[in-house]
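Fold and contact review
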Amino acid sequence: MKEYFFVKVQIGIIAERGVFLKLIDEIESLIDMHQEGAYWDFKREWYGNNKDGDMLIDIICMANNLVNKDAYIIIGVDEENNYAILDVTQDTNRRNTQMLTDFIRGKKFAGDFRPVVTVEQVQLKDGLIDVIVVHNSTNTPYFLKEKYKGVFANNIYVRLQDSNTPVDKSADFHQIEYLWKKRFGMLLSPIEKVKLYLKKPKHWGNSPSSKDKKYYKYAPEFTIEHTYEPDDDRKGYEYYLFAQTDSRPHWCEIRICYHQTILAEFDGVMLDGGRYFTTTPNRNWIYFAEHHNLNVSYCYMVKGDINYLVHEFYYVDDGDEERHAHDKYEECILIFENEKEHQKFRTYVEKNWNKKDEFANDIRIPYMDQLPGYNMDVFQEEYRNMQILRRMLEAFREE
């Protein structure tokens, strides 16, 4: 088991770099094709201030692409000169992710759904280019509810092959229908559909066959159930139990099904004597070879992952006791916005763990009864390290 987790951690360490190298490879391949396409567009230089309308419609069209992928506006490629690379370093109109996000946030989008964009710098052998990555989403179609610099309100613009919808027109009916189907999850696989449905716990009903089983009202073939049968392999304690008023472990199994097919299984835990029920966190390790092979374990969840969605699904704030148990649980784990943040934070910890004592002031470790057969010092160290990591995560986010 340790060998498996070691491999998993090593993969995690290089995951972010691997994603970026994949982006570079994809951008190079698109440039080598010497043509624009259904999810990529070339620009010789950045949009000037008098071309904000052009930039907005390009972003909307890419967000409404019809191939269900992240889309790219690649800046620094001269189509009229054999797709030569034009270094953008000195381009006075360059914008970073925050500037572009602020630009989009200031526009009146229908339903307040706005495209999510990031700006990536890609260094090629012939110079630096910028790539506006328009991230794929189920919030389509994106369209304005107020006109902005020639971009009409209520017009739905799409990217079709290598062209955008003309600014004074709207997309064809079947293209708009596709985008609405995408929003309603009609184009998703069963596992992606259930992730969408879990975000709407009020749309789930109790099964007549079991009080511990629920079904999605608008697609009852999707069910979620938790069982409390004793599990001989899972009777022990975890450090985060000791933050609860009642620290006794009560483990169970959570199962999500589509018809009779199991889509996902998780371990679940009843906290504080059964006052609160949720999924157990993921566990990982950070290794410090320079510290005599020291390894620090941590428990975490990533927003958007199905494990976190189930965690959110089961939380109903219906009283102080459940809220207290929920909050104490989340105080003992790390919750990341996305996997990219997770991997960046791991790198941050590797570089700054020698400063851990600066983050350890006034950490209060809960009282832990001596349990037969357990080394309570291990639980105390795990709890202390998690509180240090939580404070380091706050510092990381501030930087």
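Refer to the preceding data block for the structure.
Residues numbered from 1 in each chain as written. Predicted model: local features only at pLDDT ≥ 70, side-chain atom pairs only at ≥ 80, totals over all residues. Heavy atoms only, no water.

Moving on to the overall build of the chain. The helix and strand inventory of the chain stands at nine helices and 17 strands. Along the longest, intermediate and shortest principal axes, the C-alpha atoms of the chain span 75 × 55 × 35 Å. Every one of the 399 residues in the chain was classed for burial, and the buried ones make up 47%. Excluding contacts between residues fewer than 6 apart, the proportion of contacts in the chain whose partners are at least 24 apart in sequence is 62%. If you sum the accessible surface of the chain, you get close to 21,600 Å²; carbon and sulfur atoms cover 47% of it. Between the averaged position of the 52 positive side-chain charges in the chain and that of its 67 negative side-chain charges there is a distance of 3 Å. (Helix = DSSP H or I, 4+ residues; strand = E, 2+ residues; numbered from the N terminus. Buried < 20%, exposed > 50% of the residue type's maximum accessible area, 1.4 Å probe, protein only. Contact = heavy atoms within 4.5 Å. Areas by Shrake-Rupley, 256 points an atom, 1.4 Å probe, with all protein chains shown as cover. Lys, Arg positive; Asp, Glu negative; His and termini not counted. Charge placed at Lys NZ, Arg CZ, Asp CG, Glu CD.)

Looking now at helix α2 (residues 52–63). Under the 1.5 Å per step criterion, the end-to-end length of α2 is 16 Å for twelve residues, consistent within 8% with the ideal 16 Å. In terms of residue burial, α2 counts as a mostly covered element, since eleven of its twelve residues are buried. Looking only at α2, the buried set comprises D52, G53, M55, L56, I57, D58, I59, I60, C61, M62 and A63. (Expected span 1.5 Å × (residues − 1).)

For the rest of this paragraph, the subject is the sheet that holds strand β6 (residues 127–134). Strand pairing in a sheet relies on backbone hydrogen bonds. The paired strands run either parallel or antiparallel. Taken in spatial order, the four strands line up as β1-β2-β6-β5 in an open sheet, and their pairing is mixed. Of all the strands in the sheet, the pair left with one neighbour each is β1 (40–43) and β5 (117–124). For this sheet the average axis-to-axis angle between neighbouring strands, irrespective of direction, equals 20°. Bridge count for β5 against β6 is eight bridges, and the pairing is antiparallel. In the strand pairing of β6, Q121 is matched with D130. (Pairing = 2+ DSSP bridges. Axes fitted to C-alpha atoms, helices over the stretch in contact; angles between N-to-C directions.)

Nonpolar side chains collect at one region of the surface, where W180, F184, M186 and L187 lie side by side and expose about 400 Å² of accessible area between them. Checked against the element boundaries, M186 lands in the loop between α4 (173–183) and α5 (190–197). The exposed category is assigned to M186, whose relative accessible area is 52%. (Patch = residues over 30% accessible without salt bridge, like charges linked within 9 Å, V, L, I, M, F, W, Y side chains within 5 Å. Salt bridge = Lys/Arg side-chain N within 4 Å of Asp/Glu carboxyl O.)

Tallying each qualifying case throughout the model produces 27 aromatic pairs. Between F345 and Y348, the aromatic rings sit 6.2 Å apart at their centres with planes inclined by 25°, giving stacked as the arrangement. Residue F345 and its partner Y348 are located together in helix α8 (residues 339–352), separated by three residues, close to a single helical turn. The same class applies to F345 and to Y348, which are both buried. (Phe/Tyr/Trp six-rings, centres within 6.5 Å; stacked < 30°, edge-to-face > 60°.)

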